[in-house]
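Here's the letter readout for the chains.
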Amino acid sequence: MVASAEGIGPGKAVPSNNGATAMTFYAYKKTAAEQIAFSFIKSAAAVTGAVSTDKLTIKVYSPSGNLTYNQTILASNALNTAKTGQTASTEIGIWTFLIEQAGNFSIPYITDINVKATSTGATIVGRVYTERLNFLHGEVTNMSTFSVYSVNQQGYKYTSTFYNLYPIYISFVINPFGNVLAGTCTSAYKSSDSSDPRYAWGDNCGGASKIFLNTIAEDVPASAPRYNLTTNATVTEWLNPEIATENVTGLAYTPGAAAGVAAGSFTFNVFNYIGNATLQIDVDNNGLYTDAVDRSISAGVQQGANTIAFDGKDGVGNDIPCTATLKAKVVLDRPGEIHFVMSDAEGLGGIKITRTNGPSSPSSLINWDDTSVYTANRPNPTPILLGTNVNSSFTTTTHGWAMNAQTGWGNSAFIDNWAYLPGLTNQEITVNTLCRFPDLTPTTDIDELSFFTDGTSRDFIVNLYEIENLEATGQIRLRVTKLSAFTITYPTTNTVSNVFGGISNQNGNWTFAETSGFITATAKAGVTIPANGQALIGFNITRKAGTPPGNSQNITATIIGGSGGEINTTNNQVVTTVTAQ
């Protein structure tokens, strides 16, 4: 892809290696008078094997979603076939240039997109960007040295220069994750073969930087309207934000579904940060997070709500007891992190990545780890497989390798270079309840609370509800206080209590014992209370003879702590006041 104003050097671009996915450019238009001129030119014959119906389609959308241009270049079209245009609309905001390939083979093309002050005015550079670049080179001598200028959503800017890049086909992206562990958005911090099942290209994890084709123009705003082709709606798109300080809040632990197992999840909110975070767990609660038993769990996080699963194991693989108290914190330790991932770069002279804003800028320190790239059939490895905080500005050969179309180090590989600004933003909490337990709570049902004459008798039921969606097993005991003005009795078999028209109780599941002050009901062996279920125990209360009017007393029903395996005793009692009138 080449262009006079917003191009990035020799070479020809294609939307993807096999022509199956789109490539999209964006151009920011600030005023109604500005115009965007563009051209797409077929620059070479279609890849061998293409048929005449294989085609390249160029669509241009305004910020409000109007399709203002829709043209096609066919594989059968002559070399240098051109599709050109200029926006006539006064709409301001971000214009979208969607380049689609249809068919099995790519059609090489050259593109040029320029924002002009007026229809015939000077070009305003630094207004055109993309989120993914794809290239096709034709000859071994056709190497490129070029720079791109990126900004991430947190506002950090980087200039990335590639020296003597030679790809046959190549795609590259800049995002906070780079290569990730397969099935996750957690950075692997490794380059890998494209076929290695342990890793994946993290371009679906979000947070892609805006890759400008020239130094970002000073008048590019923090955000602007853009038509979203996925949702078919105009959105406010971040574009050139100021640096925003990262923050994490709301850290909390929720036990998992299994009873009595110290496994669950930590939830928290992240602001002004997309990338990698670390959940640290001080298992022995001694204020340090570096002991052998402590845990450190890395995870990719997004803006807003996040969850990190915890398996309940300590650092040496042992189950953490439910009774343990520990501390945990989430650390955002790599603000401004970017990964510059190249796919299928057969040759590269070297790379320089420089952060141009923020603390300690400019900084050209970069990192890479190519130790997982398969060495078989790669006779031209990069000279240094592992680079940590390497100053990439010292030479034009940093992390480079010799070109070979079949055996180059980057051939069929995802080569990951990353950089970040050291930081340490965290939130810490103490976790006292690691496990879920059943939770029982009682209520009392009775038709009438006033007793008008001696000998008046009524049934009442004590309900034992399980409210934590876990089966209550083991010994379950209920204690009911005896009263001086009333006599409380109970059946020892299942009966129907005269409450609310008749409710069947489950007294046959319980044994009863009495002391001078209490009646205690104990669940028989094997009796449980289902998850979110209840048990019903029936009683009868009778006003004693000689009880003076106005005497009020409390029926107090208490679930004895630990019943059914519960640990929460704050909701174990219900008090019902009855009165001799």
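All values reported here derive from a predicted model rather than from experimental measurement. (Residues numbered from 1 in each chain as written. Predicted model: local features only at pLDDT ≥ 70, side-chain atom pairs only at ≥ 80, totals over all residues. Heavy atoms only, no water.)

> Quick one: what's the story with the sheet that holds strand E25 (residues 326-332), residue by residue and with numbers?
Within the open sheet, the four strands sit side by side as E23-E22-E25-E31. Their pairing is antiparallel. On the outer flanks of this sheet lie strand E23 (295-301) and strand E31 (425-431), each paired with one strand and no other. Put simply, the sheet's adjacent strands are angled 20° from each other on average, direction ignored. Relative to E23, strand E22 (residues 275-282) runs antiparallel, the two being bridged by seven bridges. Paired with Gln280 across the strands is Ser296, a residue of E23. (Pairing = 2+ DSSP bridges. Helix = DSSP H or I, 4+ residues; strand = E, 2+ residues; numbered from the N terminus. Axes fitted to C-alpha atoms, helices over the stretch in contact; angles between N-to-C directions.)

> Describe the sheet that holds strand E39 (residues 510-514), naming the residues involved and giving the relevant values.
With mixed pairing, the six strands of this open sheet are ordered in space as E33-E43-E42-E35-E40-E39. The open sheet is flanked by strand E33 (450-451) and E39, the only strands paired with a single partner.

> Requested: an account of the side chain of Ser563, with residues and values cited.
Along the chain, the position of Ser563 falls in the loop between strand E42 (551-559) and strand E43 (573-580). Within the local environment of Ser563, its side chain forms a polar contact with the backbone oxygen of Ile560, the two atoms lying 2.7 Å apart. For Ser563, the residues in contact, after removing those within four places along its chain, are Leu440, Gln475, Ile476 and Arg477. (Polar contact = N/O pair within 3.5 Å; in protein donor to acceptor, adjacent residues only side chain to side chain. Contact = heavy atoms within 4.5 Å.)

> Can you explain the confidence of the model for the protein chain? Please cite residues and give values.
Averaged over the protein chain, the pLDDT score is 90; the fraction of residues at 70 or greater is 92%. Across residues 7-21 the pLDDT falls below 50, and counting only partners more than four positions away or on other chains, this stretch makes 67 contacts in the model. (pLDDT = per-residue confidence, 0-100.)

> Residue-level account of the pattern of salt bridges, with values.
The tally for this structure, following the rule as stated, stands at 15 salt bridges. The salt bridge involving Lys210 is made with Glu131; its shortest N-O contact spans 2.8 Å. Of this pair, Lys210 sits in strand E17 (residues 210-212) while Glu131 sits in the loop between strand E9 (128-130) and strand E10 (133-136), placing them 79 residues apart in sequence. When its relative accessible area of 26% is taken as the criterion, Glu131 is described as partly exposed. With a closest N to O distance of 2.7 Å, Arg198 and Asp196 form a salt bridge. Asp196 gets classed as buried once you look at its relative accessible area, which sits at 2%. A cluster of three or more residues bridged by salt bridges with shared partners is formed by Glu131, Lys210, Arg226 and Glu237. (Salt bridge = Lys/Arg side-chain N within 4 Å of Asp/Glu carboxyl O. Buried < 20%, exposed > 50% of the residue type's maximum accessible area, 1.4 Å probe, protein only.)

> Kindly report on the packing of aromatic side chains, identifying the contributing residues and their values.
With the rule as written, the count across this model stands at 20 aromatic pairs. On the basis of an interplanar angle of 50° and a centroid distance of 4.9 Å, the ring pair of Tyr253 and Phe266 is categorised as tilted. One end of the pair, Tyr253, is in strand E20 (residues 247-255); the other, Phe266, is in strand E21 (residues 264-271), with 13 residues separating them in the sequence. Each of the two residues, Tyr253 as well as Phe266, counts as buried. The rings of Phe38, Phe40, Tyr69 and Phe97 are connected pair by pair, giving a single aromatic cluster. The aromatic ring of Trp238 is capped on one face by Lys210, whose charged end is 4.3 Å from the ring centroid. Sitting over the ring of Phe518, Arg479 keeps its end group 4.7 Å from the ring centre. (Phe/Tyr/Trp six-rings, centres within 6.5 Å; stacked < 30°, edge-to-face > 60°. Lys NZ or Arg CZ within 6 Å of the ring centre and 35° of its normal.)

> Would you mind going over the state of the cysteines in detail, with residue names and values included?
Inspection of every chain in the model, using the stated rule, returns two disulfides. Paired through a disulfide, Cys185 and Cys205 show a sulfur-sulfur distance of 2.1 Å. A torsion of -95° about the S-S bond marks the disulfide between Cys185 and Cys205 as left-handed. Of this pair, Cys185 sits in the loop between strand E14 (179-181) and strand E15 (192-193) while Cys205 sits in the loop between strand E16 (199-201) and E17; the two residues are 20 residues apart in sequence, bridging distant segments of the chain. The exposure class assigned to Cys185 is partly exposed, which follows from its relative accessible area of 27%. A residue is classified by how much of its surface remains accessible, and Cys205, at 9% relative accessible area, is buried. Residue Cys322 pairs covalently with Cys435 via a disulfide, S to S 2.0 Å. Classification of the bridge connecting Cys322 and Cys435 rests on its S-S torsion, roughly -95°, and on that basis the disulfide is left-handed. (Disulfide = S-S within 2.5 Å.)

> Could you give me a rundown of the pairing of E25, with the residues and numbers involved?
The buried fraction of E25 is high, at six of seven residues. Summarising the sheet, E22 and E25 pair through five bridges and their orientation is antiparallel. Counterpart to Ile281 in the pairing with E25 is Ala328. Sheet topology note: the E25/E31 ladder contains seven bridges and is antiparallel. Its bridge partner being in E31, Leu326 is matched across the sheet by Val431.

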